[in-house]
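Below, each chain spelled out in residue letters.
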Amino acid sequence: TLLSVTITKSQASSALLVLATVQLNHVSGSEKKTVDVKLFRDATQLDANYTARLGAANEAVRNLPVGLHTVDTSGTGTVTFSLRARSSASGAEATTRRLTVLELP
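Colleague: Outline the side chain of Ser14, supporting the account with residue identities and numerical values.
Modeller: You can see Ser14 is positioned in the loop between strand 1 (3–9) and strand 2 (15–26). Among the polar contacts made by the side chain of Ser14, one reaches the main-chain carbonyl oxygen of Gln11 at a distance of 2.7 Å. When neighbours within four sequence positions are excluded, Ser14 is seen to be in contact with Lys9, Thr73, Glu103, Leu104 and Pro105.

Shown next, in the form of structure tokens:
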């Protein structure tokens, strides 16, 4: 898990807008790597699986931005949004730049 945020939704008719930005880097190794980035509400995956392909033949890839967003219209209550990433091999890094949740009337 890169980052989690907990928010209490106050109105059943409102929606939560979730915006996330992740920065990916290929830091070492000669093979290509893939990084899966996923956004969850509690235990439920919200986004379609986003996969980024990074680097080849010792090419460094730095500061590759990945943006994810979703609108959650579930009922009132407290929910936790989590941003997760997993690399296919060592030598790739994922860093959270921002995770923002806004309640829209």
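Colleague: Could you give me a rundown of the sheet that holds strand 2, with the residues and numbers involved?
Modeller: Read from one edge to the other, the open sheet built from three strands follows the order 6-2-8, with strand pairing classed as antiparallel. Each edge of the open sheet is held by one strand with a lone partner, namely strand 6 (61–72) and strand 8 (92–104). The mean angle between the axes of side-by-side strands here comes to 15°, regardless of whether they run parallel or antiparallel. With ten bridges joining them, strand 2 and strand 6 adopt antiparallel strand pairing. Directly across from Leu19, in strand 6, lies its bridge partner His69.

Colleague: Account for the pattern of salt bridges, naming residues and giving values.
Modeller: Tallied over the entire structure, the rule returns two salt bridges. For Glu31, the salt bridge goes to Lys33, with nearest N and O atoms at 3.5 Å. Under the relative-accessibility criterion, Glu31 is labelled partly exposed at 38%. Overall, Lys33 belongs to the buried group, its relative accessible area being 1%. The partner of Arg41 in a salt bridge is Asp72, and the shortest N-O contact between them spans 2.5 Å. Residue Arg41 is located in strand 3 (residues 33–41), and its partner Asp72 is located in strand 6; the two are separated by 31 residues in the primary sequence. An identical accessibility class is assigned to Arg41 and Asp72; each is buried.

Thresholds applied
Within each chain, residues carry numbers counting from 1 in the order of the written sequence. Only residues with pLDDT of 70 or above have their local features reported here, since the model is predicted, and side-chain atom pairs are shown and tallied only from 80 upward, although totals for entire chains, interfaces and linings are computed over all residues. Side-chain descriptors were evaluated using all non-hydrogen atoms of the structure, hydrogens and water having been removed beforehand. Under the scheme used here, helices are H or I runs from DSSP no shorter than 4 residues and strands are E runs no shorter than 2 residues, and both carry numbers assigned from the N terminus. The definition of a polar contact used here is a pair of N or O atoms within 3.5 Å, where within protein one atom must be able to donate a hydrogen and the other to accept one, and adjacent residues in sequence count solely through side-chain atom pairs. In what follows, a contact means two residues having at least one pair of non-hydrogen atoms within 4.5 Å. Strand pairing requires that DSSP identify at least two bridges connecting the strands. Helix axes are fitted only over the stretch in contact, all axes being lines through C-alpha atoms; the angle between N-to-C directions runs from 0 to 180 degrees. The salt bridge criterion pairs a side-chain nitrogen of Lys or Arg with a carboxyl oxygen of Asp or Glu, the two atoms within 4 Å. Buried means the residue's accessible area, taken with a 1.4 Å probe over protein chains only, is under 20% of the maximum for its type, while exposed means over 50%, and partly exposed covers the values in between.

Coordinates in, geometry out; function isn't part of it.
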